[in-house]
Amino acid sequence: MEQDKAYARLLELREKLDFYSYQYYTLDKPTITDYDYDMLYRELETIEGAHPEWVTADSPTQRVGHKISGGFNKYTHDRPMLSLGDVFNDNELREFDRRVRSDLGEQVPQYVVELKIDGLAINLIYENGMFVRGVTRGDGVVGEDVTNNVRTIKTIPLKIDSHSPHIEIRGEVYMPVRAFDALNIQRSEDELEPFANPRNAAAGSLRQLDPQITAQRNLSFFAYAIGGTVGMTIHSQEELLEDLKKLRFHVNKEYRVFDSIEDVITFIHSWDERRDELPYATDGMVIKVNSFAQQELLGNTVKIPRWAIAYKFPPERAKTKVEGISVTVGRTGVLTPAADLTPVRLAGTTVKRATLHNEDYIKEKDIRIGDTVIIQKAGEIIPEVVGPVVKERTGQENVFVMPTHCPGCGHEVVRPDGEAATRCVNPECPAILSQKVAHFVSRNAMNIDGLGDAITAQLLQQGLIHRVSDIYDLKKEDLISLEGFADKSADNLLKAVEDSKKVGLARVLFALGIRFVGAKAARILAEHFGSVEALAAASTEELTDIDEIGPRIAESVHTWIRTDEARKLVAALEAAGVDMTAQKRQTKGSAFRGEIVVLTGKLETMTRKEAEEAVVAGGGKCTGSVTGKTTLVVAGADPGSKYEKARSLGTPIISEEEFIAWIQRDKTFPNE
């Protein structure tokens, strides 16, 4: 029974970590703090450590890095860019030192300690002293070629005085705090969503398709490592950092060399109170064995070096007071409470507000208006209230009561049985409409630049829009009458509105705000059905049969698209000329037609993504787990538990060589 619970938790942790990694690394929009992610990761490591037979190749703990986003050419690193293992306290750091000394035998290590810069790892390739390519870490083996954007970073030399015919310089692209603050001020003025933190601002800036935008973002770079080299001899990390300085790379000056782990610990804690004074963001410190010969002796695991470790700073906390609790209304009508705080400095910024999620969250933590509370902002993301300081209560605090009527329209609110959310169900609520418009025009939806909250508020007040489709009825004279508009700004907005008609069905489905339908689900539905008419005609069973469309999404889509509101909205968008079609995914052959395929183990001749694309191109589907519906399992090296489950179910299993033979029947291999 206990084993069943542990295995269920293991599967839950893997799913969560994969999802959070996708949000963090692919979308650059994290929804949990680094610390919370690290704790989930640590819990998964603990379970797998106790049950090594459960470890499979697709576990997050077996990954070198993370998925890369699209839009750039792929490039394979000469040497993998490994991630670092993490420690969170002094004793774990002492244990790292004990292991290093044990593995080195009679040799005594020195340690180089460097600040861990919160940015985006990059690999710079120089040939005969000339910069030729810049590549992100990606999954550690294959990264994205962002050369044109890297060239805009002034702290990266385009020519170095090196006799090596080939050298890879590695380091961190980051956005200085001052540049980050200025960028977010500008984005607020432009009514764009601000970046959550400097790390995500740097990542988003380096992935711009237009290098001119990257050039305006004032990115910087710290060098700290080398990859593949020819004709260079360097003996230690300290020597490397000094050599990098001589090559005119920007090297962080705060590194130190120590002979004992206790001196390392003292140095780390010397930064406890002063890291917020730095002009860049840091979330910890990196400890490396100084000698390269000793590094070679210690070696690497599959995904991390055994000669280095990252000490992660704990979440920063601060004490402040809840001056009030305000409630906002989202686009689905959900009422969300937030604590209005006495301003307090935390993780380098002034915090005035923290989300309280819902009524149950407030009751569970017993947070009251007037309370002194502890807040934290781990990873510099959204501040949260840890809890009240009960001993400091005076008796003047007030218990929060959720409104019975919507603060946006005054309509009575409801809280359905079994749900934590309280909702406004008034379809005419201006607060809901305002949020729907904000979502509809957002970058990943219809991408109507220039239609921000302030303009939307004026349009609502003037009665110019009553639903999102009314955006397409706006005329120049309507806009000119609004505050802050002139001929050019009106023309620009109308052009953005016109351009949005061509974004395609996937973005339209996401923009419509159907519950549980995110950008990925919208794309899958668009590619499968090709038109909104075909989607409207689909049954819940047909929807559920689509890979990655579960019962919750299927039921939500099926219900929503049959409402009068949906029919009228879709008809209005079509009448306005919005393209409601998509190119259906085509298959190139029939080698896997009707097959539901699971890939397990390490493939030697192709990546996992290439194999999945080959299955789809051959008319099949790829899923992540073996079930009774699975018709074929492809087993690479060290296949793990999926292989055993397939055997127990009697599911056909083929080798990688047989898989390639299937592909070649239709010549659907993605690289051909």
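Residues numbered from 1 in each chain as written. Predicted model: local features only at pLDDT ≥ 70, side-chain atom pairs only at ≥ 80, totals over all residues. Heavy atoms only, no water.

The name recorded for the protein chain in an unreviewed UniProt entry is DNA ligase, from Megasphaera micronuciformis F0359. Heading Function (unreviewed entry) of the UniProt record for the protein chain holds this comment: "DNA ligase that catalyzes the formation of phosphodiester linkages between 5'-phosphoryl and 3'-hydroxyl groups in double-stranded DNA using NAD as a coenzyme and as the energy source for the reaction. It is essential for DNA replication and repair of damaged DNA." (UniProt positions renumbered as here; feature names shortened; annotations may be inferred.)

Caption draft 1: Inspection of the domain arrangement of the protein chain at higher detail. In terms of domains, the protein chain is made up of domain 1 (1-54), domain 2 (85-312), domain 3 (317-414), domain 4 (430-501), domain 5 (505-576) and domain 6 (596-667). Taking the mean C-alpha position of each, domain 3 and domain 5 sit 35 Å from one another. (Domains from an automatic or database assignment.)

Caption draft 2: Broad picture of the pairing of strand β7 (residues 166-174). Within β7, nine of the nine residues are buried, which leaves the element mostly enclosed by the surrounding structure. Relative to β7, strand β4 (residues 120-127) runs antiparallel, the two sharing eight bridges. By the bridge assignment, A121 is partnered in β7 with E172. In the sheet, β7 pairs with strand β8 (residues 220-229) via seven bridges, with the strands oriented antiparallel. Note on β8: the bridge partner recorded for I169 is I226. (Buried < 20%, exposed > 50% of the residue type's maximum accessible area, 1.4 Å probe, protein only. Helix = DSSP H or I, 4+ residues; strand = E, 2+ residues; numbered from the N terminus. Pairing = 2+ DSSP bridges.)

Caption draft 3: Representation of the pattern of salt bridges in the model. The final tally for this structure, using the stated rule, is 35 salt bridges. For K245, the salt bridge is made with E242, and the minimal N-O distance between the two is 3.3 Å. Highlighted residues: K245 and E242, both in helix α8 (residues 237-246), separated by three residues, approximately one helical turn. A relative accessible area of 32% places E242 in the partly exposed class. Each member of the salt-bridge network shares a partner with another, and the members are R9, E12, K16 and E43. (Salt bridge = Lys/Arg side-chain N within 4 Å of Asp/Glu carboxyl O.)

Caption draft 4: Region of interest: the nonpolar core. Counting 54 residues, the largest nonpolar core has F440, I448, L451, I471, Y472, L525 and L573 as its most contacted members. Contributions of two or more residues to this core are made by α12 (430-440), α13 (453-461), α15 (487-499), α16 (505-511), α17 (519-529), α18 (532-537), α20 (551-560) and α21 (564-575). Here this core gets six residues from one element, more than from any other, and that element is α17. Every residue in contact with Y472, bar those within four places of it in the chain, is listed here: F440, M446, I448, V497, S500, K501, L573, A576 and V578. The next biggest cluster of nonpolar side chains, apart from the first, holds 36 residues, and it includes F72, I122, F180 and F249. (Core = buried A, V, L, I, M, F, W, Y, C linked by side-chain atoms within 4.5 Å. Contact = heavy atoms within 4.5 Å.)

Caption draft 5: Looking closely at the UniProt feature "binding site: NAD(+)" (unreviewed entry) in the protein chain. With numbering matched to this structure, UniProt assigns "binding site: NAD(+)" (unreviewed entry) to D34, Y35, D36, Y37, D38, S83, L84, E114, R137, E172, K288 and K312. A stretch of 279 residues holds the annotated residues, and the largest C-alpha distance among them is 25.0 Å, long enough that they do not meet in one place. Overall, the relative accessible area of 29% leaves Y35 in the partly exposed class. Along the chain, R137 turns up in the loop between β5 (130-136) and β6 (142-144). Using a relative accessible area of 22% as the deciding quantity, one classes R137 as partly exposed. With residues near it in sequence (within four places) discarded, R137 still touches H77, M81, L82, S83, A121, V142 and G143.

Caption draft 6: Highlighting the packing of aromatic side chains. Scanning the model with the defined rule gives 13 aromatic pairs in all. Seen from their ring centres, F96 and Y111 are 6.1 Å apart, and the 45° between their planes marks the pair as tilted. Of this pair, F96 sits in helix α3 (residues 90-104) while Y111 sits in strand β3 (residues 111-117), and the two are 15 residues apart along the sequence. Like F96, the residue Y111 is buried in the burial classification. Ring geometry for F258 against F267: centres 5.3 Å apart, planes inclined by 45°, an arrangement best described as tilted. A relative accessible area of 10% means that F267 is categorised as buried. A connected cluster of aromatic rings, assembled from ring pairs, spans Y126, F131 and F249. (Phe/Tyr/Trp six-rings, centres within 6.5 Å; stacked < 30°, edge-to-face > 60°.)

Caption draft 7: Here's a closer look at the sheet that holds strand β23 (residues 632-635). In spatial order, the strands read β22-β21-β23-β24; together these four strands make up an open sheet with parallel pairing. The open sheet has two edge strands, β22 (621-623) and β24 (653-655), and neither has a second partner. The mean angle between the axes of side-by-side strands here comes to 35°, regardless of whether they run parallel or antiparallel. The pairing of strand β21 (residues 596-600) with β22 spans three bridges and is parallel. Looking at β22, one finds that V598 is bridged to T623. On the sheet, helix α22 (residues 608-617) packs against β21 and β22 and is oriented at approximately 165° with respect to β21. Lying on the sheet, helix α23 (residues 641-649) is in contact with β21, β23 and β24; it crosses β21 at an angle near 140°. (Axes fitted to C-alpha atoms, helices over the stretch in contact; angles between N-to-C directions.)

Caption draft 8: Layout of the environment of F400. Position of F400 among the secondary structure elements: in the loop between β18 (398-399) and β19 (413-414). In this structure the C-alpha to C-alpha distance between F400 and E359, which are 41 residues apart in sequence, comes to 8.6 Å. Discounting residues that sit within four places of it in the chain, F400 has contacts with I325, V327, P337 and I362.

Caption draft 9: Representation of the packing of α3 against helix α9 (residues 261-269) within the structure. Two elements in contact, α3 and α9, have axes separated by 10 Å at closest approach and are oriented at 145°. Handedness of the α3/α9 crossing: right-handed. Facing α3, whose interface residues are D90, L93, R94 and D97, α9 presents I261, E262, V264, I265, I268 and H269. Class assignment for the residues of the contact of α3 with α9 results in five nonpolar, one polar and four charged. (Left-handed = near helix turned anticlockwise from the far one by under 90°. Nonpolar A, V, L, I, M, F, W, Y, C, P; charged D, E, K, R; others polar.)

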